[in-house]
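Spelled out from the first residue to the last, the chains are:
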Amino acid sequence: MSAMAPYGDPAAVAAFAARVARSAEKLQRRVTLMEVCGTHTHAIAAAGLRRLLPEWVRLIAGPGCPVCVTPVGYVDRAEALARIPGTIVTTFGDLMRVPSSGGSLERVRAEGADVRVVYSPRDALQIARDNPGSTVVFLAVGFETTTPTVAGALAEAEADRVPNFLILSGHKIMPPPMRALARDPEVLVDAFLLPGHVSVIVGSRAFAFVAEEFAIPAAVIGFTPTDVMRGVEALVECLAEGKAEVINLYSRVVKEEGNAIAQALVDRFFVSADVVWRGLGTIPGSGLALRPRFAQRDASLVEVELPEPLEPAGCRCGEILKGVIDPPECPLFDGICTPITPVGACMVSSEGTCAAWYRHERFAGGSDGPGGGG
Ligand code: SF4
């Protein structure tokens, strides 16, 4: 393989595709590669990579979109907090339209609650500084890549004594759901394309268990089409040769041990917790809760009345997030459910699998295309 391939060069992508096809001839069976990163999901769909691969190689998306895996109960709690007088709820934009049990944050804002879209946790902290008479809650949703930025804002709030800055932690970590997927007989994964951004923080070593415990090969990859195809080629070669190893193909930014400073910052504020993932249920140790000594900043401890969590009727996001079905297999896809009228979370976020398929793949053969439906 060529490490010098120009990023995004169509000729380089085509050359990788040809090499994947040659390796795939040795397989004698269909193989399924799962990516667990919303940015990869989007990149694969936008570049049409699925259609370049031989029918023996199927790419599916796993639970890599943080907004998509956030359970409906979290959004219910965020809405309840927003209804408390004197509270300002701050959030990344993607979460605004995610359906809750009875509405959405967008609807609660329309009803008069103070819900503001921010671009970073520090923006939320600034709102807290500017509004000392209000309680400002930041909806902290994201994987290992996002958590250090939230921990940084918390550190600043502590140092500058900003008492009215709280977070509602919905943070999740990626290895536990991958372990759950590897054990799930309903999910057939032959290899994992590992998330580049997450790996920058946790290091490639954090995924060694995939090969060691489950004999599944995996590759840490970047985000250009050539990065992805390079990973696919390496994994198909591993499968063809019966090898299970974790390969770091993003070593220009990912180290084996990750980013120790970011890890220490996260560890100062957060502790491992059992949390619910949409579609996957409760996974032990898969989330991060605020440490008890920061309880005064923990919005999950604020007493609110919550409805019984209610998933949107007919939505099959849970199966999408496990890679069990492709979006066109949901009867609501591209009819009732579109990015303008999303029924489920997977159609709301630009990193969601349903949104990516809607934007880039619905006229391109869908699940009947090469490698689909297997
Ligand atoms: S197409 Fe819409 S309703 Fe169907 S699984 Fe995706 S988000 Fe849910």
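The structure we're discussing is the one just above.
All values reported here derive from a predicted model rather than from experimental measurement.

Reading the values: rules and limits
Residues numbered from 1 in each chain as written. Predicted model: local features only at pLDDT ≥ 70, side-chain atom pairs only at ≥ 80, totals over all residues. Heavy atoms only, no water. Helix = DSSP H or I, 4+ residues; strand = E, 2+ residues; numbered from the N terminus. Rg over C-alpha atoms; globule rule 2.2 N^0.38 Å. Buried < 20%, exposed > 50% of the residue type's maximum accessible area, 1.4 Å probe, protein only. Contact = heavy atoms within 4.5 Å. Areas by Shrake-Rupley, 256 points an atom, 1.4 Å probe, with all protein chains shown as cover. Lys, Arg positive; Asp, Glu negative; His and termini not counted. Charge placed at Lys NZ, Arg CZ, Asp CG, Glu CD. Salt bridge = Lys/Arg side-chain N within 4 Å of Asp/Glu carboxyl O. Disulfide = S-S within 2.5 Å.

Chemist: How do you make sense of the overall build of the protein when you look at a structure like this?
Modeler: Looking only at helices and strands, the protein has 15 helices and 11 strands in total. Against the compact-globule benchmark of 21 Å for 374 residues, the protein has a radius of gyration of 21 Å, which places it among compact chains. Projected onto its principal axes, the C-alpha coordinates of the protein cover approximately 65 × 45 × 35 Å. Among the 374 residues that make up the protein, the fraction classed as buried is 56%. Sequence separation of at least 24 residues holds for 79% of the intrachain contacts in the protein that already meet a minimum separation of 6. When the accessible area of the protein is evaluated, it comes to approximately 15200 Å², of which 53% is carbon and sulfur surface. Of note, the protein has its 34 positive side-chain charges centred 3 Å away from the centre of its 42 negative side-chain charges.

Chemist: Would you mind going over the pattern of salt bridges with me for this structure?
Modeler: In total, this model carries 22 salt bridges according to the counting rule given. A salt bridge links Glu 156 to Arg 129; the nearest nitrogen and oxygen atoms lie 3.5 Å apart. Of this pair, Glu 156 sits in helix α8 (residues 147-159) while Arg 129 sits in helix α7 (residues 121-130), and the two are 27 residues apart along the sequence. Between Glu 158 and Arg 297 there is a salt bridge, with the nearest N and O atoms lying 2.7 Å from each other. Remark: Arg 297 occurs in the loop between β11 (281-290) and α14 (317-321) and Glu 158 occurs in helix α8; sequence separation between them is 139 residues. Residue classification places Arg 297 among the buried positions, given a relative accessible area of 4%. Each of the salt bridges in this network shares a partner with another, and the network as a whole consists of Arg 122, Arg 129, Glu 156 and Asp 160.

Chemist: Is there a simple way to think about the state of the cysteines in this case?
Modeler: For the coordinates displayed, the defined rule picks out two disulfides. There is a disulfide in this structure between Cys 65 and Cys 68, and the S-S distance comes to 2.3 Å. Here the disulfide of Cys 65 and Cys 68 is right-handed, its torsion about the S-S bond being about 75°. Among the residues examined, Cys 68 registers a relative accessible area of 1% and is labelled buried. Here the disulfide map of the protein reads 1-2, 3-4, the bonded cysteines being numbered as they appear in the sequence.

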